[in-house]
Amino acid sequence: MGLSCGASVVKYGIFIFNLLCAVAGIALIVVGAIPLFKLDDIRDAFPENEPAIVPIIVVVLGSVIFIISFFGCCGAIRENQCMVSTYAFFLLILVILQIVVAVFAFMYTADLANAAKDGFGRLFDDRNNPSTGAAIDQIQRGLQCCGTTGPATWGSAIPQSCCAEATCTLANSHPSGCSTMLYDIVNGSGLLIAWFAIIFAGIELVGVIFACCLANSIRNADRRQYA
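Because the structure is predicted, anything quoted here is derived from the model rather than measured.

1. As for the overall build of the protein
Next up, step 1: Counting its secondary structure elements, the protein contains five helices and zero strands.
Next up, step 2: Reading the secondary structure of the protein in the N-to-C direction produces α-α-α-α-α.
Next up, step 3: For the protein, long-range pairs separated by at least 24 residues make up 74% of all intrachain contacts whose partners lie at least 6 apart in sequence.
Next up, step 4: If you sum the accessible surface of the protein, you get close to 11500 Å²; carbon and sulfur atoms cover 67% of it.

Written out as structure tokens, the structure is:
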């Protein structure tokens with residue numbers, strides 16, 4: 001099939017673009033997976049929320065981007081109009097989904113961060129309960145924090161989970177409070193996910209336009225060939 005010079009440039013441009021999208025998909029998987037690995041340390045601070053929702057969605061999106069990008073590479077190299085058109089359609093759906101995820105992340109992140117902060121505060125108020133105390137120790141060890149706003153909130157009874165050393169005192173305790181650290185981690189992770197989704201959606205929208213142009217060029221070349 002003889003594509004015009006401009007269509008050939010678009011063809012190889014889409015191929016390179018999809019290689020970059022495949023890398024972007026892997027990056028999204030990593031960005032979504034990092035918070036998931038930290039959830040075991042902080043899950044007890046979310047008694048009423050499921051903190052894994054947004055990271056799981058991002059991991060799924062990253063996987064879908066990788067698969068669609070592979071499909072787009074094959075369609076462009078084989079100059080298959082049906083494959084390229086199907087690729088453009090699914091990529092457009094993916095762009096819309098990523099925008100929805102970004103909006104959801106922007107709206108949900110602040111609430112989830114505040115829920116984590118308040119959740120740890122409730123845990124700390126019930127710190128004399130053995131099971132609650134174990135959950136607090138897990139969070140403090142995992143995040144290397146101490147108390148709600150700092151080790152001073154424990155008074156003179158600072159637990160070992162607040163320190164990296166064998167003997168735990170106010171002087172060698174982790175200086176950061178867990179409530180503040182939880183808020184910062186959740187808020188930072190959510191905003192990072194949202195901005196990644198927005199940036200990739202913008203890049204992929206360019207890919208949709210190029211794919212539509214290539215599909216149209218392939219269709220016109222087919223008509224000329226069989227005319």
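Once you've had a look at it, read on.
2. Considerations on helix H3 (residues 81–125)
Next up, step 1: Over its 45 residues, H3 extends 63 Å from the first C-alpha to the last, a length consistent with the 66 Å expected when each residue adds 1.5 Å.
Next up, step 2: The largest bend in H3 is about 35°, located at Tyr 108.

3. A short note on a nonpolar patch on the surface
Next up, step 1: A cluster of nonpolar residues, Phe 89, Phe 90, Leu 92, Ile 93, Ile 96, Leu 97, Val 100, Leu 205, Val 206, Ile 209 and Phe 210, forms a patch on the protein surface that exposes about 960 Å² of accessible area.
Next up, step 2: Contributing elements (two or more residues each) for the nonpolar patch: H3 and helix H5 (178–226).
Next up, step 3: The element that contributes the greatest number of residues to the nonpolar patch is H3, accounting for seven residues.
Next up, step 4: Relative to the helices and strands, Leu 97 is located in helix H3.
Next up, step 5: Judged by its relative accessible area of 43%, Leu 97 falls in the partly exposed class.

4. Quick notes on the environment of Ala 215
Next up, step 1: Among the secondary structure elements, Ala 215 is positioned in helix H5.
Next up, step 2: Put simply, Ala 215 and Ser 85 are 130 residues apart on the chain and 5.9 Å apart in space, counted from C-alpha to C-alpha.
Next up, step 3: Not counting chain neighbours up to four residues away, the residues in contact with Ala 215 comprise Gln 81, Val 84 and Ser 85.

5. Topic: the nonpolar core
Nonpolar side chains in soluble globular proteins generally cluster together in the buried interior.
Next up, step 1: In terms of nonpolar packing, the biggest core is built from 24 residues, with Ile 14, Val 84, Tyr 87, Leu 91, Leu 94, Ala 211 and Leu 214 touching the most fellow members.
Next up, step 2: For this core, the secondary-structure elements that each account for two or more residues are helix H1 (5–42), helix H2 (53–78), H3 and H5.
Next up, step 3: A total of seven residues in this core trace back to one element, the largest contributor, which is H5.

6. Some details on the confidence of the model for the protein
Next up, step 1: When the pLDDT values of the protein are averaged, the result is 79; 85% of them are 70 or greater.
Next up, step 2: Within the protein, H1 has the poorest average pLDDT of any element, 73, and H3 the best, 84.

7. With respect to the state of the cysteines
Next up, step 1: Overall, the coordinates contain three disulfides when judged by the stated rule.
Next up, step 2: Through a disulfide, Cys 145 is tied to Cys 178; the S-S separation comes to 2.0 Å. With the S-S bond torsion at 95°, the cross-link from Cys 145 to Cys 178 turns out right-handed. A residue pair is termed long-range when its members are at least 10 positions apart, and Cys 145 in the loop between helix H4 (130–143) and H5 and Cys 178 in helix H5 qualify at 33 residues.
Next up, step 3: Accessibility expressed as a relative area gives 0% for Cys 145, which makes it buried.
Next up, step 4: Assessed through its relative accessible area of 0%, Cys 178 is described here as buried.
Next up, step 5: The partner cysteine of Cys 163 in its disulfide is Cys 168, sulfur to sulfur 1.9 Å. Here Cys 163 and Cys 168 share a disulfide; its torsion about the S-S bond, 65°, makes the bridge right-handed. As far as the burial class goes, Cys 163 and Cys 168 line up, both buried.

The rules we used
- One numbering rule holds for all chains: residues counted from 1, following each sequence as written.
- For a predicted model such as this one, the threshold for reporting local features is a pLDDT of at least 70, and the threshold for listing and counting side-chain atom pairs is 80 or more; totals across whole chains, interfaces and linings nevertheless cover every residue.
- Heavy atoms throughout the structure, all of them, feed into the side-chain values; hydrogens and water do not.
- Secondary structure elements are taken from DSSP: a helix is a run of H or I of four residues or more, a strand is a run of E of two residues or more, and numbering for both begins at the N terminus.
- Whether two residues are in contact is decided by their heavy atoms: any pair within 4.5 Å suffices.
- Surface exposure here means Shrake-Rupley accessible area, sampled with a 1.4 Å probe, where a residue is shielded only by the protein chains that are shown.
- One less than the residue count of a helix, multiplied by 1.5 Å, gives the span that helix is expected to have.
- The angle between axes fitted to the seven residues ending at a residue and the seven residues starting there is what we call the bend at that residue.
- Only residues above 30% relative accessible area that lack a salt bridge enter a patch, with like-charged residues linked at up to 9 Å and the nonpolar side chains Val, Leu, Ile, Met, Phe, Trp and Tyr linked at up to 5 Å.
- A carboxyl oxygen of Asp or Glu within 4 Å of a side-chain nitrogen of Lys or Arg is what we treat as a salt bridge.
- Throughout this description, buried means an accessible area under 20% of the type-specific maximum (1.4 Å probe, protein chains only), exposed means over 50%, and partly exposed covers the range between.
- In these notes, a set of buried Ala, Val, Leu, Ile, Met, Phe, Trp, Tyr and Cys residues joined through side-chain atoms within 4.5 Å is what counts as a nonpolar core.
- Confidence of the predictor at the level of single residues is given by pLDDT, which spans 0 to 100.
- Two cysteine sulfurs form a disulfide in these notes if their separation is within 2.5 Å.

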